[in-house]
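Next come the chains, spelled out residue by residue.
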Amino acid sequence: MNFQEKVSPQTGLTFDDVLLVPRRSRIPSRHAVDTSSRISRNIRCRLPILSANMDTVTEATMAVAMARAGGMGILHRFLSPERQAQEVARVKRAESLVVADPVTIRQDLSVARALQTMHEREVGGLVVLDSEDRVCGILTRRDTALAPSTELPVSELMTPRERLITAPPGISLPEARALLHAHRVEKLPLVEEDGRLAGLITAQDILKLQQHPHSTKDERGRLRVGAAVGVRAADIERAGRLLAAGADLLVLDIAHGHSDLAIGMLRSLKAEYPQAEIMAGNVATPEGVRDLAEAGADAIKIGVGSGSICITRVVTGSGYPQLSAILESAEVAQALDVPLVSDGGVRQGGDLTKALAAGASSVMVGGLLAGTTESPGASVIRDGRRYKVVRGMASLSANVSRLEVDQHREVDPEDWERVVPEGVEATVPYRGDVADVLYQLVGGLRSGMTYVGASNLAELWENARFVRITGAGFKESGSHDVQRI
Ligand code: XMP
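This structure is a prediction, so every number in the text was calculated from the model and none was measured. (Residues numbered from 1 in each chain as written. Predicted model: local features only at pLDDT ≥ 70, side-chain atom pairs only at ≥ 80, totals over all residues. Heavy atoms only, no water.)

**Points about the site of the ligand**
Surrounding the ligand, one finds 21 residues, the nearest of these being Ser 308, Cys 310, Thr 312, Asp 343 and Ala 394. Measuring from an oxygen atom of the ligand, one finds a backbone N or O atom of Gly 366 at 2.7 Å. Backbone polar atom of Met 393 to a nitrogen atom of the ligand: 2.8 Å apart, as the coordinates give it. Along the lines of polarity and charge, the residues of the shell around the ligand split into eight nonpolar, 11 polar and two charged. (Near = heavy atom within 4 Å. Polar contact = N/O pair within 3.5 Å; in protein donor to acceptor, adjacent residues only side chain to side chain. Nonpolar A, V, L, I, M, F, W, Y, C, P; charged D, E, K, R; others polar.)

Dropping the structure here:
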């Protein structure tokens, strides 16, 4: 064997190694740019950005904010299948044209019980049913706020059927809106002819629809959400729960996705749930993309060791510089019609533009979003400044948490010693609301697209030319020779 041939003559490049070459542009302003893209074969988003399936990045609150802004959140899998499915359900309930299965209560139960249900299900009102499941009233927090006793039955405090404003199930949105306004009510139960509940339209949902016109929604007007699964046999059942709760996308998440384990699991998931949309990864080569696409992936995550909290390349010696990984895989992905997701290493708008220009259809972002209000990570104050905690999903503490979830027990100190971490625990500066961070990121992308004369993603792929730069060029690219204030 010729060992010298083992080294590729190519140099692996990443975002900071290149710049996009400015080109003639006919685009009048960055607002004329369309950033929409395919996240997977059958899901489109206005913003090509996914929040990472990390336990310090994406739970329901982040996923709701991401979808409202036009991107999408991927719920992490380091919690029990039941809890992860509940997180999916929370996102799917956050808004909708029609709530298909409103929360209900029997009229003979106590107000205390009704309040408990409202609290548990995170709703502000309940449709009240009689013993034959017919709608007989509605109970909201307004009805209960000053009640002399919470032991009273619901029927005594509810707005009863004769004073209730209802509509038939087929009502249009403008009609529902007019009815809600005419009667100055917040909730409109949809009732079948036989008195049974068919759904609910709320004033809140209609308002949210107006506030977030570009949000990522399913065909029923609910926010879209993805959820991660692993490669173990038990993950088939987890996937079933997530899909039943309404997940729009499963993300088969494994550090080395170009493996028999991942390919086998992908095939099993596709066989068990043929309708499910599945993103798979992570891989770093065209061969990896081809193998996952042939096993049925609807989108493929590219990136090994590029994440802000990753030490995979240091600990294992393996990985691939992110820009080259995308550039080298893009042609195969296009030929097989499977969108690529660039996962890891995005710190600002320029990285996002470069990842997409290299051939990705979207990017996944972790560390940058971990610093936002909506991330589940803990806040810490240091030297009077606020930070949030972020950790790699292969970090020591994340490995231990996973063992605890899997084994329903506290992990012994000896188990801690057996972990070989490929990620770190860290803090990132608090960055405010996710919508503001996305606005800056996408503002950079929009401008970046005008610099290469691209009004949409297809044109960005077509027009983009990169120039390699030196250390001096990199230094010149940032602010320099000035004192920043
Ligand atoms: P950023 O740079 O956006 O990257 O923070 C997020 C991505 O990093 C990956 N990830 C890890 N990679 N060890 C790794 O080698 C880890 O512990 C780890 N945790 C997350 C993951 O792909 C994520 O989307």
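**Thoughts on the domain arrangement of the chain**
If you check the domain split of the chain, you get domain 1 (10-94 + 215-477) and domain 2 (104-208). When each unit is reduced to the centre of its C-alpha atoms, the spacing between domain 1 and domain 2 is 40 Å. A combined buried area of about 330 Å² lies between domain 1 and domain 2, and 28% of that area is made up of carbon and sulfur atoms. For the domain 1 face of the interface with domain 2, the top three residues by lost area are Arg 90, Arg 93 and Ala 94, together amounting to 78%. Connecting domain 1 to domain 2 are one salt bridge. The salt bridge partner of Arg 90 is Glu 122, with a shortest N-O separation of 3.3 Å. At the boundary of domain 1 with domain 2, the tally comes to two residue pairs in polar contact (both at pLDDT 80 or more). (Domains from an automatic or database assignment. Buried area = accessible area lost by both parts, 1.4 Å probe. Salt bridge = Lys/Arg side-chain N within 4 Å of Asp/Glu carboxyl O.)

**Side note on the packing of aromatic side chains**
Describing an aromatic ring pair means giving the distance of the ring centres and the angle of the ring planes. Considering all chains together, one arrives at zero aromatic pairs under this definition. Sitting over the face of the ring of Tyr 387, Arg 382 holds its NZ or CZ atom 4.8 Å from the ring centroid. In this structure, Arg 386 is placed above the aromatic ring of Tyr 430, and the distance from its NZ or CZ to the ring centre is 4.0 Å. (Phe/Tyr/Trp six-rings, centres within 6.5 Å; stacked < 30°, edge-to-face > 60°. Lys NZ or Arg CZ within 6 Å of the ring centre and 35° of its normal.)

**Considerations on the pairing of strand E8 (residues 135-140)**
Counting buried positions over the six residues of E8 gives six, a clear majority of the element. Across five bridges, the pairing between strand E7 (residues 125-129) and E8 is antiparallel. Opposite Val 128, over in E8, you have Gly 137 as the bridge partner. The turn joining E7 and E8, which pair antiparallel and follow one another in sequence, is formed by five residues; a positive phi near 65° is taken by Asp 133. When E8 meets strand E9 (residues 159-160), the two strands line up antiparallel, connected through two bridges. Across the sheet, the residue bridging to Gly 137 is Pro 160, located in E9. (Buried < 20%, exposed > 50% of the residue type's maximum accessible area, 1.4 Å probe, protein only. Helix = DSSP H or I, 4+ residues; strand = E, 2+ residues; numbered from the N terminus. Pairing = 2+ DSSP bridges.)

**Topic: the sheet that holds strand E20 (residues 425-429)**
Pairing is antiparallel in the open sheet, where three strands are placed in the order E18-E19-E20. Across the chains shown, the open sheet's two edge strands, defined by having one partner strand only, are strand E18 (379-382) and E20. Averaged over all pairs of adjacent strands, the angle between their axes in this sheet comes to 40°, without regard to strand direction. Across five bridges, strand E19 (residues 385-391) lies against E20 in antiparallel orientation. Bridged to Arg 391 within E20 is Glu 425. (Axes fitted to C-alpha atoms, helices over the stretch in contact; angles between N-to-C directions.)

**Observations concerning the sheet that holds strand E17 (residues 362-365)**
The eight strands lie next to each other as E4-E5-E12-E13-E14-E15-E16-E17, forming a closed barrel whose pairing is parallel. Strand-to-strand twist of the sheet, defined as the mean angle between neighbouring strand axes without regard to direction, takes the value 25°. Two strands pair when backbone bridges link them, and strand E4 (residues 49-51) and strand E5 (residues 72-75) are joined in this way by two bridges, in the parallel orientation. Bridge pairing in E5 places Leu 50 opposite Met 72.

**What about the side chain of His 76?**
Along the chain, the position of His 76 falls in the loop between E5 and helix H2 (81-94). Sequence-distant contacts of His 76, that is, excluding residues within four places in its chain, are made with Asn 53, Met 54, Asp 55, Thr 58, Glu 59 and Gln 84. (Contact = heavy atoms within 4.5 Å.)

**Observations concerning the nonpolar core**
Ile 49, Leu 269, Ile 300 and Leu 369 are the most contacted members of the largest nonpolar core, which totals 99 residues. Setting aside chain neighbours within four positions, we find Leu 369 in contact with Ser 51, Val 57, Met 62, Met 66, Ser 375, Val 434, Val 437 and Leu 438. Among the nonpolar cores identified, the runner-up in size contains 13 residues, and Val 111, Met 118, Cys 136 and Met 158 belong to it. (Core = buried A, V, L, I, M, F, W, Y, C linked by side-chain atoms within 4.5 Å.)

**Looking at the pairing of strand E16 (residues 340-343)**
Of the two faces of E16, the one holding Leu 340 and Ser 342 and the one holding Val 341 and Asp 343 are both buried throughout. In terms of strand pairing, strand E15 (residues 299-302) meets E16 through three bridges, oriented parallel. Bridge assignment links Ile 300 to a residue of E16, and that residue is Leu 340. Bridge count between E16 and E17: three bridges; the pairing is parallel. Looking across to E17, one finds that Asp 343 is bridged to Met 364. With helix H13 (residues 349-357) bridging E16 and its parallel neighbour E17, the resulting β-α-β unit is right-handed. (Right-handed = clockwise from strand over helix to strand, strands pointing away.)

**Side note on the packing of helix H10 (residues 286-294) against helix H12 (residues 322-335)**
A packed helix pair is summarised by two numbers, namely the angle formed by the two axes and the spacing between the axes. Packing of H10 against H12 brings their axes to within 8 Å, and their N-to-C directions diverge by 30°. On the basis of their axis angle, the class for H10 and H12 is roughly parallel. Judged by the sense of rotation from one axis to the other, the crossing of H10 with H12 is right-handed. Of the residues in H12, those in contact with Pro 286, Val 289 and Arg 290 of H10 are Glu 328, Ser 329, Val 332 and Ala 333. Among the residues making up the contact of H10 with H12, the classes are represented as four nonpolar, one polar and two charged. (Parallel < 35°, antiparallel > 145°, perpendicular 65-115°, else oblique. Left-handed = near helix turned anticlockwise from the far one by under 90°.)

**Looking at unusual backbone geometry**
With the exception of glycine, most residues fall at negative phi, and the peptide bonds are largely trans. With omega at 0°, the peptide bond leading from Gly 281 into Asn 282 counts as cis. A positive phi is found at Asp 133, a non-glycine position, where the angle reads about 65°. A relative accessible area of 31% places Asp 133 in the partly exposed class.

**Examining H10**
Of all the residues in H10, the buried ones are Pro 286, Gly 288, Val 289, Leu 292 and Ala 293. Axial view of H10: buried residues confined to an arc of 155°, hence all on one face. Contacts made by the buried residues of H10 are with helix H9 (260-272), strand E14 (278-283), E15, H12 and E16. Just past H10, the residue Gly 296 takes up positive phi, approximately 110°. (Arc of directions from axis to C-beta.)

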